[in-house]
There are 2 protein chains.
Amino acid sequence: MSLIKQPITGMKDILPREMEIRDYVMDVVKDTYKSFGFVSIDTPCMEHIENLLSKQGGDNEKLIFKILKRGEKLHVAEAISEEDIVDGGLRYDLTLPLARYYSNHQNELPSPFKALQMGYVWRADRPQKGRFRQFMQCDIDIIGDGSNIAEISLIVATSSLLSRLGFKDFTVRVNDRRILKAMAAYSGFSEDKMDEIFIILDKMDKIGIDGVKEELIANGFESEKVEKYIELFSNLKPDAEGLEQCKEILADYIDTDIIDKLLQIFAMVGGTRDTSFALTFDPTLVRGMGYYTGTIFEIGMEGYSGSVAGGGRYDEMIGKFTGNSAPAIGFSIGFERIIMILMENGFKIPSSKEKKIYLTEKNISNAKLAEILAFTKVERANGRIVQITPMKKNKKFQKEQLEAEGYTEIIEIYNDEQ
Amino acid sequence: MSLIKQPITGMKDILPREMEIRDYVMDVVKDTYKSFGFVSIDTPCMEHIENLLSKQGGDNEKLIFKILKRGEKLHVAEAISEEDIVDGGLRYDLTLPLARYYSNHQNELPSPFKALQMGYVWRADRPQKGRFRQFMQCDIDIIGDGSNIAEISLIVATSSLLSRLGFKDFTVRVNDRRILKAMAAYSGFSEDKMDEIFIILDKMDKIGIDGVKEELIANGFESEKVEKYIELFSNLKPDAEGLEQCKEILADYIDTDIIDKLLQIFAMVGGTRDTSFALTFDPTLVRGMGYYTGTIFEIGMEGYSGSVAGGGRYDEMIGKFTGNSAPAIGFSIGFERIIMILMENGFKIPSSKEKKIYLTEKNISNAKLAEILAFTKVERANGRIVQITPMKKNKKFQKEQLEAEGYTEIIEIYNDEQ
């Protein structure tokens, strides 16, 4: 019987060249975040279907790969709807599993809990270029620290990570959900319309400020309010000065302590950062997920649309599990995005090991082979990659292939010395 | 709405202490195998249900977590059996995905192809102590090398790995499926009965040689043949000498080149190995999977029943995908087993980094915080783990906790110097 050679639609096999870069990036991610005191954790890839469908995940809940019940619990013929036959699903992000994990193990965990997670997540999205149905996510989260130090740690850690990976021209954009709301309130919009407004505002990247204005009006918002709203965006400076403007303009609509916290982030991150990346205040930054409650941030890369990392504060989600709320904040890097950018730019792993290979003739003698085995042992101990492989008939082609794989020393071994 | 805190039955959340060891072991695995010229690859966790149910996986095929079809392809109410509603499943091992991967990408891969895979697999087994429904597998395979050098590389690489992890008292047991068959033929059993015999023989670990004898007779095998068979096992020495005995006794039932190849493995692995582990010929070694065609091996650990690693040659499986057969051989280490043994023995990670923490008082000034951020940057660059965290009201308890987490330097920071 012949089998299907292709992977499942929308998922991909990872070839050695890409995997080498992925392994390297995973190492740098772990090493960097651990140096900031984050600790690795892991959760099962599968979660209870009830949790996955609890409305924490927004649109992602429509994209779940669901797991069939098994054995006696499964009655296919009698089933009427999905609920009858499904008891689990693959996680669509790492935030929901983290909230469950924290609520389950709170007493065994450090406080504050600084978690690092790297793992696959699944979304049955329409397949498109560069977007897969299984992809790696990489999140850091701090649970139990409501202070600004959490914000600063996340941003400093993630920008350090990107710098270590050789990225220079990136921009960390910062906003606060409460500034978003204050700006809408200042313009005269009522609380219950805000979600609708923010969904439109979130399209700024694609349709520009004029597009946002048009769409707001097209959606029935009064043009006077819309004018006031749009003018506000146009006037705000994209930096600490813009925050000072907000403090003045929005004074009646927001606790100015919130803005002072952002100013502190600007001062602190600005002070330690390499000059290689930019830090901006972006009052148009929305971040899709409804669970964010405070600071939000996103990192964009010169020359690439969309973001390479994003996150924010979600102080209410943990309470949904535990009953006791706990402050929480997370930053998620777009692992697949970063790998794609590195691959496109012909990324070379710094200080990779020297590669050496011994090609043995057919029926190599035990004496010769024992000798080489002893050599290779020492060479590996000295930090090299070394292998022994039978010589092929087309030796020239074999050597060309090996050179292409990065083998710089290719030694032919014969029973009789040559 | 409150959510379910426990992970899915039979799966586990991994706490930071275990995860630290897992991360370390994964690093050592990758570093060791890569130094032998293996290259990392990865495949999707999900496979086509047709491939998973193609009879390559033996009993594991009964334990598949199946994935529900989605969207227009799913008609629950009309469904009669599982086939109607399922299109994928979670992989139960890494060998089938490797065979599919190789057949899909053969022309883009090195030859021979030396693959390293680490990834989760899923089996809906009955949950029991130390056995989980999601677990990490870690496989090395060589495809396209039919020579003995492949066998020797796998065994040397895996025993090096175990030595690097600090294991000493382990035993590498080697056999060949063709010796198994020759011994049965020599005793007078017919070819078509051999699978049944080997299933009984495979229980040797649990029921001993007398148990095997009894069960064979109970299953209707002639006692004369059984006597001859059992006596043969009793007479064979568990080393190269035993192989020489086989060469003589089984000469009419096996190509003696096969035994000479095992003798070469003994000489070569024996020559380079640290004296810390034992290498034995074990004519009772069966290995369950039906796809093995030649050499088989298993590693056992003093004081632990069962094996910590196992593998063998499966020269026919690749042909089932490609139509063209390719020699293949693999070694799988029992990652979860190894982690469990290390945890039980209070394993300490060698040369872990020094940990330092700054505890800041409430409302720490920007000037102070900027100063500490600058310190931490330098300290991290010097190889330390350093974090900044708000001081708690119960400072004494906080410090005790931090000491338990391995923080050796705990610095309190106040706005006014103390």
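What you see is a predicted model, and the numbers here were worked out from it, not measured in a lab. (Residues numbered from 1 in each chain as written. Chains lettered and ligands numbered in written order. Predicted model: local features only at pLDDT ≥ 70, side-chain atom pairs only at ≥ 80, totals over all residues.)

**Focus on the overall build of chain A**
The helix and strand tally for chain A stands at 14 helices and 14 strands. Projected onto its principal axes, the C-alpha positions of chain A cover 90 × 65 × 45 Å. When each of the 418 residues of chain A is scored for burial, the buried share is 43%. The long-range fraction of contacts in chain A, counting pairs at least 24 apart against all pairs at least 6 apart in sequence, stands at 68%. (Helix = DSSP H or I, 4+ residues; strand = E, 2+ residues; numbered from the N terminus. Buried ≥ 20, exposed ≤ 12 C-beta atoms within 10 Å, placed from the backbone. Contact = placed C-beta atoms within 7 Å.)

**Things to note about the interface of chain B and chain A**
Every contact between the two is made by 89 residues of chain B and, on the other side, 89 residues of chain A. Partitioning the side of chain B that touches chain A into residue classes produces 43 nonpolar, 26 polar and 20 charged. (Nonpolar A, V, L, I, M, F, W, Y, C, P; charged D, E, K, R; others polar.)

**A short note on the sheet that holds strand β12 (residues 355–360) of chain A**
Adjacent strands of a sheet form backbone hydrogen bonds with each other and so pair up, either parallel or antiparallel. Residues and elements named next belong to chain A. Taking strand neighbours across the sheet as the criterion, the three strands line up as β13-β12-β14 in an open arrangement whose pairing is parallel. At either end of the open sheet lies a strand with only one pairing partner, and these are β13 (385–390) and β14 (409–413). With strand direction ignored, the average angle separating the axes of adjacent strands in the sheet is 20°. With six bridges connecting them, β12 and β13 associate as parallel partners. From the neighbouring strand, K356 faces β13, where its bridge partner is V386. (Pairing = 2+ DSSP bridges. Axes fitted to C-alpha atoms, helices over the stretch in contact; angles between N-to-C directions.)

**Structural notes on the relation of the copies chain B and chain A**
Overlaying chain B on chain A yields an RMSD of 0.0 Å, the required transformation being a rotation through 180° with an accompanying axial translation of 0.0 Å. In the structure described here, the two chain copies are related by an operation that fits a two-fold rotation axis. For chain B, the smallest separation between a C-alpha atom and the rotation axis is recorded for I67(B), amounting to 2.4 Å. Taken together, the interface assignments show that 100% of the residues at the interface of chain B recur at the interface of chain A, consistent with an identical surface on both copies. (Least-squares fit on C-alpha atoms with pLDDT ≥ 70 in both.)

**As for the confidence of the model for chain A**
Looking at chain A, pLDDT values average 93 and 99% of them are 70 or higher. Predicted complex, confidence summary: ipTM 0.94, pTM 0.95. (pLDDT = per-residue confidence, 0-100.)

**Section: the environment of H48(A)**
Along the chain, the position of H48(A) falls in strand β2 (residues 46–48). Between the alpha carbons of H48(A) and K66(A) there is a distance of 9.8 Å; along the sequence they are 18 residues apart. If sequence neighbours within four positions are ignored, H48(A) has contacts with G88(A), I4(B) and I8(B).

**Quick word on unusual backbone geometry**
All names here are of chain A. With an omega of -5°, the peptide bond running from S111 to P112 counts as cis. Within the secondary structure, P112 sits in the loop between α3 (95–105) and β5 (113–122). The phi angle at N363 is positive, at roughly 55°, despite the residue not being glycine. Here N363 is to be found in the loop between β12 and α13 (366–381). On the neighbour-count criterion, N363 (9 C-beta atoms within 10 Å) is exposed.

**Thoughts on the packing of helix α7 (residues 204–218) of chain B against helix α8 (residues 223–235) of chain B**
Residues and elements named next belong to chain B. Relative to each other, α7 and α8 sit at 160°, their axes nearing to 10 Å. Considering the angle they form, α7 stands roughly antiparallel to α8. Crossing hand, α7 versus α8: right-handed. Facing α7, whose interface residues are I209, K213, L216 and I217, α8 presents S223, V226, I230, F233 and S234. (Parallel < 35°, antiparallel > 145°, perpendicular 65-115°, else oblique. Left-handed = near helix turned anticlockwise from the far one by under 90°.)

**What about the sheet that holds strand β9 (residues 295–301) of chain A?**
All names here are of chain A. Judged by pairing direction, the sheet is mixed, and its eight strands sit side by side in the order β1-β5-β6-β11-β10-β9-β7-β8 without closing on themselves. Among the strands making up the open sheet, the edge pair consists of β1 (39–40) and β8 (278–281). With two bridges connecting them, β1 and β5 associate as parallel partners. Of the residues in β5, the one forming a bridge with V39 is A115.

**Quick notes on helix α13 (residues 366–381) of chain B**
Helix length check: α13(B), at 16 residues, gives a terminal C-alpha distance of 23 Å against a target of 22 Å (1.5 Å per residue), a fit within 8%. L369(B), L373(B), T376(B) and R380(B) are the residues of α13(B) that are buried. Looking straight down α13(B), one finds its buried side chains confined to an arc of 65°; they lie on one side. Exposed residues on α13(B) whose side chains face more than 90 degrees from its buried face are A367(B), A374(B), V378(B) and A381(B). Packed against the buried residues of α13(B) are α1 (16–35), α4 (148–164) and α10 (256–272) of chain A together with β12 (355–360) and β13 (385–390) of chain B. Downstream of α13(B) by a residue or two, G383(B) has a phi angle that is positive, lying close to 90°. (Expected span 1.5 Å × (residues − 1). Arc of directions from axis to C-beta.)

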